[in-house]
Amino acid sequence: MITDLTKEHPDKTLWRFALPLFVSVIFQQLYNIADSMIAGRFAGEHALAAVGASYPITVIFMAFAVGSNLGVSVVVSRYFGAKNYAKMKTAVSTAFLSCAALSLSLSVFGYLFCPRMMKLIHTPGNIFADGVLYLNIYIYGLTFLLFYNVCTGIFTALGDSRTPLFFLLGSSLGNIALDYIFVVYFHWDVAGVAWATFLAQGVSVVLAFLTLLSRIRNLPGKRSALFDKSLFRQIAAIAVPSIMQQSVLSVGNLFVQDIVNRFGSSVIAGYSAGVKLNTFAVNSFMSLGSCLSSYTAQNIGAQKRERIPLGFRAGVRLALIAAVPFFLVYFCFSRQIMGLFLESRSTEAILAGTEFLRFVSPCYFMIAVKLTTDGIIRGAGAMKYFVIATVPDLILRIILANMLSRYFQSTGIWMAWPFGWIATTVLTIIFYRKITNLSLDSPQKQC
């Protein structure tokens, strides 16, 4: 269902638009968590550690997928809001052709450098081979990953957050079922986890792509060309800074993973489970930011900039409400949750994951506001501010994790998270105020 986000009050339209996206993230993260749970419970602590050690590297590839999603979403939203459907269709085809070239480049890079990256972060020898095996299979599905995110970005730009939800529901349930079959019955261990993700994503992206083409054809206007350089530059102007921002965080997480790896496979396993749960929460907040990006871009395209502060206030309320259950569950029941990933005898791993969750979960209220505010900044195209606000989080997390771990062992690593989040949230709010004042004072521009 295509939705115009420029008419109703955002208190109504954002709730309705955000809910399917939020549910989508829940199911997407559930199958990521299921990977770790099934690996830890049925293949053992070392299998969980191997998947966890490779996770920061997979996040680098995910950064390209998320950046592509955001770039195409903002540009398509603007032309959709301006009712320029012909230009919008050309933007869609340009995005897919660019995505195909990017996926080929990333696949070649992955085959050549992933094993070296695993060595670079000092992955312990007892989990190194399984970690590389997981990454190799993951790379086979990079095209699926990128195309699915571009499809989702376009659906979101059209105000349709329900259709991606249906595909993700099927993909998530299929992935969990295949995880269980491949690991428990076929005993493929780490390879089974990776192949399950590959197959589930592949089926989902084919169905999403065909459905999207049908929706696009039903809109008026005819595409002027398959590829347009000026539209590519517009998409890249949003996508590249988004990729840089995500990649900077991913590289920062590689440095953190390097520090974690010094404490052995048990701490790696606990951190792996904890960081998957943390990603669940953070990506949920990011989904609200994606809603606000589409909302902001559509309203800028429709010359309704005065609606941006209304959207900001509605988005923040949603974010704070979303943060409550994550905080309560992770802080109060962290040890019980870790028991879902690991057997009771893995005491050191359970302790590491429990400590991590108790340090980061109280900060969810703050980071939820930060990530929704990011959505406004992206939608307005102010990517310089978006990237700058990320740097303090990276620097502080790495420096403090390295320093504090010398005195407090692995606990010192978890202590570094809140400091980085505080700095980046303050900067983001300052930049949002600048963007809002500039948008409301500047003359209107046509798309």
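## As for a nonpolar patch on the surface
Together, L104, V108, F109, Y111, L112, F113 and Y140 give the surface a local cluster of nonpolar side chains, amounting to about 680 Å² of exposed area. Considering each element in turn, the nonpolar patch owes the most residues, six residues, to helix α3 (residues 85-120). Inspection of the secondary structure puts L104 in helix α3.

## Topic: the confidence of the model for the protein
Looking at the protein as a whole, its pLDDT mean stands at 85, while 96% of the residues score no less than 70. Between residues 440-447, whose pLDDT stays under 50, and residues either more than four places distant or in other chains, the model counts twelve contacts.

## Thoughts on helix α6 (residues 162-185)
Helix length check: α6, at 24 residues, gives a terminal C-alpha distance of 34 Å against a target of 34 Å (1.5 Å per residue), a fit within 8%. Of the residues trailing α6, H187 is marked for its positive phi of about 60°.

## Quick word on the pattern of salt bridges
Here the structure, examined in full by the defined rule, presents three salt bridges. Among the salt bridges present, the one from R215 reaches D160, with a minimum N-O distance of 2.5 Å. A residue pair is termed long-range when its members are at least 10 positions apart, and R215 in helix α7 (residues 189-217) and D160 in the loop between α5 (142-157) and α6 qualify at 55 residues.

## Observations regarding unusual backbone geometry
Negative phi is the rule for most residues except glycine; trans is the rule for most peptide bonds. A positive phi angle is found at K83, which is not glycine, with a value near 65°. Checked against the element boundaries, K83 lands in the loop between α2 (45-81) and α3. A positive phi is found at H122, a non-glycine position, where the angle reads about 55°. Considering the arrangement of structural elements, one finds H122 in the loop between α3 and α4 (125-140).

## Considerations on the environment of C332
Relative to the helices and strands, C332 resides in helix α10 (residues 308-332). Accessibility expressed as a relative area gives 42% for C332, which makes it partly exposed. With 258 residues separating them along the chain, C332 and V74 place their C-alpha atoms 38 Å apart.

## Thoughts on the packing of helix α9 (residues 265-301) against helix α12 (residues 347-360)
At a minimum axis distance of 7 Å, the contact between α9 and α12 shows a crossing angle of 35°. Remark: the crossing between α9 and α12 carries right-handed chirality. Here α9 contributes S266, V267, A269, G270, Y271, G274, V275, L277 and N278 to the contact with α12, which in turn contributes E348, A349, A352, G353, F356, L357 and V360. Of the residues that constitute the contact of α9 with α12, the class distribution is ten nonpolar, five polar and one charged.

About the cut-offs
Residues numbered from 1 in each chain as written. Predicted model: local features only at pLDDT ≥ 70, side-chain atom pairs only at ≥ 80, totals over all residues. Heavy atoms only, no water. Patch = residues over 30% accessible without salt bridge, like charges linked within 9 Å, V, L, I, M, F, W, Y side chains within 5 Å. Areas by Shrake-Rupley, 256 points an atom, 1.4 Å probe, with all protein chains shown as cover. Salt bridge = Lys/Arg side-chain N within 4 Å of Asp/Glu carboxyl O. Helix = DSSP H or I, 4+ residues; strand = E, 2+ residues; numbered from the N terminus. pLDDT = per-residue confidence, 0-100. Contact = heavy atoms within 4.5 Å. Expected span 1.5 Å × (residues − 1). Buried < 20%, exposed > 50% of the residue type's maximum accessible area, 1.4 Å probe, protein only. Axes fitted to C-alpha atoms, helices over the stretch in contact; angles between N-to-C directions. Left-handed = near helix turned anticlockwise from the far one by under 90°. Nonpolar A, V, L, I, M, F, W, Y, C, P; charged D, E, K, R; others polar.

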